[in-house]
Amino acid sequence: MNEHDPSAREETVVMTAETMAEACRRLAREIAGANTDMASVVLLGILRRGRPLADRLARLLAEMTGVAPPVGSLATTLYRDDLRSGVGRLKPGVAETYFEFPINGATVILVDDVIAAGRTIRAALDELMDYGRPRRIQLACLVDRGGRELPIQPDYLGWPVSAGENDRVVVRLAETDGQDMVVIRRSLPEDGEAEEG
Amino acid sequence: MADTAPIAWTRKDLIGIEPLSRPEIELILDTAPQFVAVSARVSGIRKVPLLQGRLVVNWFYEPSTRTRTSFELAAKRLSADTLSISASTSSLVKGESLHDTLANIEAMRSDVIVIRHKYAGSAQILATRHESHIINAGDGRHEHPTQALLDALTMRDKIRERRGDATASLDGVRVAIIGDISHSRVARSNVWCLTKLGARVTLCGPSTLMPPEIGRMGVDVTTDLGEAIADADVIYALRIQLERQQRCLFPSLREYIRMFRIDRESIKVAPEHAFIMHPGPINRDIELSAELADGKRSVILEQVTNGVAVRMAIMHLLVNSGVEN
């Protein structure tokens, strides 16, 4: 994934690899604490970076509880609310929703890297309902960058970040980007692209 | 959506492959797999809400089961409302003009009109005068763009599978198209599509069924089946349009079968890996032996599956790209 030219913008590191690892451990502890019936828990990572995070949480949960929850991927793209208005565009060639386990009656934990407007999670909820009727759905996010446009809040949060409306919060993961790091890119006047979230 | 900047879809209608650029064709092919996944859901609802509350009208003046069903299903899987009009039930039999009929449909707020008509150019004429997004589902001998797109997607899938390379293109892939080229809008759209995608196309059939202008389309032409398929990656058999054979363009069906049928014998000269395609409906044992049509090398049913997804991708791109007339 080609992440623009970093020299063109001012970058502030808000999470290092160490703080990210600690945040993931805490997320896993909170998930394990809140869900006594770990056998009914499944994780769905929202593509693209929610998936490797979900895999990490599943490994941590297996270490802590002895139960390794199954992990799947949720694309959410076909349920985005900006596509039907002609504002957003469907990105071609992206990975698809994939999970092999039934979700009827399961406790589904949605995992995403960044929550912002909350619209991705709204789309994820709609998509999930088309696959079945989970017993409950919870949300785990590594970073909350604020700017909510819908009444949706994470049940488990790794790190709150104060970012301006036009700042970009970028999560980099070893699995997808070669290193673990979360940075804020302060916006320059000519670069107003809003963060997806 | 910051990572890559895919080209934007900027057309109101899909009339043919000829005017499309390679990136536009690839945008459709790259958008389709997400819709293949929707139809492949095992327990989930096989539907997404991208065309919710929109009206898609299927308007077929020529008999068609496969294409009409495929379009209808594509619309339904995008959550659109659908309406079907066929020639025998429409007011056309009472003498109403195409434009008047379409104006009446549009007065009911249609968003997409899928039209099949025997006259070449009919879809284009409607597209310029009406606001609905027009999709050409076959106009005379001119084009059948969605067939070519689903064929290209199927070929690309198979080539990627065989090479174990998820990004392989059709560059250099050899495609032999066999049969009645001159009456075939499928052949014409496929030639446009495949040559734009970098494939090498050989057309093969009786010389009486080979249109004279075909030499200008950047393809090889032969009347020798063995020569056509000797190094083919894809063998594409066209349907002999028995209903259009009133003018006796080849001496007999038996002679056509002897010279051009794809069967266990004739396919021996082709590479082992070459797979078989057909746009349907098949005249079994005329252009293609039943044995091969049902065999392991046939990808005919994959074509049908991909057809729904490609049509979903096209309807989504036309309706949701914010292109107005």
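Residues numbered from 1 in each chain as written. Chains lettered and ligands numbered in written order. Predicted model: local features only at pLDDT ≥ 70, side-chain atom pairs only at ≥ 80, totals over all residues.

(A) Here's a closer look at the overall build of chain B. What chain B contains, in helices and strands, is 10 helices and nine strands. In terms of overall dimensions, chain B is globule-like: its C-alpha atoms have a radius of gyration of 20 Å, near the 20 Å expected for 325 residues. C-alpha extents for chain B along the principal axes are approximately 55 × 55 × 40 Å. Here chain B, with 325 residues, has 46% of them falling under the buried criterion. (Helix = DSSP H or I, 4+ residues; strand = E, 2+ residues; numbered from the N terminus. Rg over C-alpha atoms; globule rule 2.2 N^0.38 Å. Buried ≥ 20, exposed ≤ 12 C-beta atoms within 10 Å, placed from the backbone.)

(B) Spotlight on the interface of chain A and chain B. In this assembly, 22 residues from chain A lie in contact with 22 residues from chain B. Residue composition of the side of chain A that touches chain B, by class: nine nonpolar, six polar and seven charged. (Contact = placed C-beta atoms within 7 Å. Nonpolar A, V, L, I, M, F, W, Y, C, P; charged D, E, K, R; others polar.)

(C) Geometry of the sheet that holds strand 5 (residues 136-144) of chain A. All names here are of chain A. Overall, parallel pairing links the five strands, which are arranged 3-2-4-5-6 in an open sheet. At either end of the open sheet lies a strand with only one pairing partner, and these are strand 3 (71-74) and strand 6 (156-160). The sheet shows a mean angle of 25 degrees between the axes of neighbouring strands, taken without regard to direction. With four bridges joining them, strand 2 (residues 41-46) and strand 3 adopt parallel strand pairing. Paired with G45 across the two strands is S73, which belongs to strand 3. Each of strand 4 (107-115), strand 5 and strand 6 is contacted by helix 1 (residues 17-34), which is oriented at about 155 degrees to strand 6, the strand it contacts most. Relative to strand 4, helix 3 (residues 119-131) is tilted by about 155 degrees, and along the sheet it contacts strand 2, strand 3, strand 4 and strand 5. (Pairing = 2+ DSSP bridges. Axes fitted to C-alpha atoms, helices over the stretch in contact; angles between N-to-C directions.)

(D) Representation of the environment of C24 of chain A. Residues and elements named next belong to chain A. Take C24: it is sitting in helix 1. By C-beta crowding, C24 is classed as partly exposed, having 19 other C-beta atoms within 10 Å. In this structure the C-alpha to C-alpha distance between C24 and G158, which are 134 residues apart in sequence, comes to 6.7 Å. In contact with C24, other than residues within four places in its own chain, are R56, L57, L60 and G158.

(E) Structural context of helix 2 (residues 50-65) of chain A. Residue and element names in this part refer to chain A. Between its terminal C-alpha atoms helix 2 stretches 22 Å, which fits the 22 Å expected from 16 residues at 1.5 Å a residue. All of the buried residues along helix 2 are G50, R51, L53, A54, R56, L57, A58 and L61. Tucked inside the fold, the buried residues of helix 2 contact helix 1, strand 2, strand 3, strand 4 and strand 5. (Expected span 1.5 Å × (residues − 1).)

(F) A look at the sheet that holds strand 7 (residues 220-222) of chain B. Residues and elements named next belong to chain B. One open sheet holds the five strands; their spatial order is 7-6-5-8-9, and the pairing between them is parallel. The open sheet has two free edges, formed respectively by strand 7 and strand 9 (275-277), since each of these has just one partner strand. Put simply, the sheet's adjacent strands are angled 20 degrees from each other on average, direction ignored. Across four bridges, the pairing between strand 5 (residues 174-178) and strand 8 (residues 234-237) is parallel. Across the sheet, residue V175 finds its bridge partner in strand 8, namely V234. In the packing of helix 6 (residues 185-196) onto the sheet, contacts are made with strand 5 and strand 6 (200-204), and the angle to strand 6 comes to roughly 160 degrees.

(G) Structural view of the pairing of strand 7 (residues 168-172) of chain A. All names here are of chain A. Most of strand 7 sits out of view: five of its five residues are buried. Here strand 7 shows no split at all, with R168, V170 and R172 on one side and V169 and V171 on the other all buried. Pairing of strand 7 with strand 8 (residues 181-185), which is carried by five bridges, proceeds in the antiparallel orientation. Bridging across to strand 8, R168 finds its partner in R185.

(H) The arrangement of the confidence of the model for chain A in detail. When pLDDT is averaged along chain A, the result is 89, and 90% of the positions lie at 70 or above. Confidence drops under pLDDT 50 across residues 191-197 of chain A; counting only partners more than four residues distant or on other chains, this segment forms 16 contacts. (pLDDT = per-residue confidence, 0-100.)

(I) Examining the pairing of strand 8 of chain B more closely. Residue and element names in this part refer to chain B. Alternating residues of strand 8 divide into V234 and Y236 and I235 and A237, and every residue in both groups is buried. Pairing between strand 8 and strand 9: three bridges, direction parallel. From the neighbouring strand, V234 faces strand 9, where its bridge partner is F275.

(J) Expanded view of helix 6 of chain B. Residues and elements named next belong to chain B. Helix length check: helix 6 (12 residues) gives 17 Å between terminal C-alpha atoms against 16 Å at 1.5 Å per residue, within 8%. Within helix 6 the residues assigned to the buried category are R185, V186, A187, R188, S189, N190, V191, W192, C193, L194 and K196. Packing partners of the buried residues in helix 6 comprise helix 1 (22-39), strand 4 (133-139), helix 5 (145-163), strand 5 and strand 6. In the segment just after helix 6, G198 is the residue with positive phi, at about 90 degrees.

(K) A look at unusual backbone geometry. Cis peptide bonds are those with omega within 30 degrees of zero, and the linkage from L47 of chain A to R48 of chain A qualifies with 15 degrees. For R48 of chain A, the location among the structural elements is in the loop between strand 2 and helix 2. For the bond running from G280 of chain B to P281 of chain B, omega is -10 degrees, close enough to zero to count as cis. Within the secondary structure, P281 of chain B is located in the loop between strand 9 and helix 9 (290-293). Residues other than glycine seldom take positive phi values, yet R109 of chain B does so here, at roughly 65 degrees. Tracing the sequence through the fold places R109 of chain B in the loop between helix 3 (98-107) and strand 3 (112-117). Here the phi dihedral of D285 of chain B falls at roughly 70 degrees; this positive angle occurs in a residue that is not glycine.

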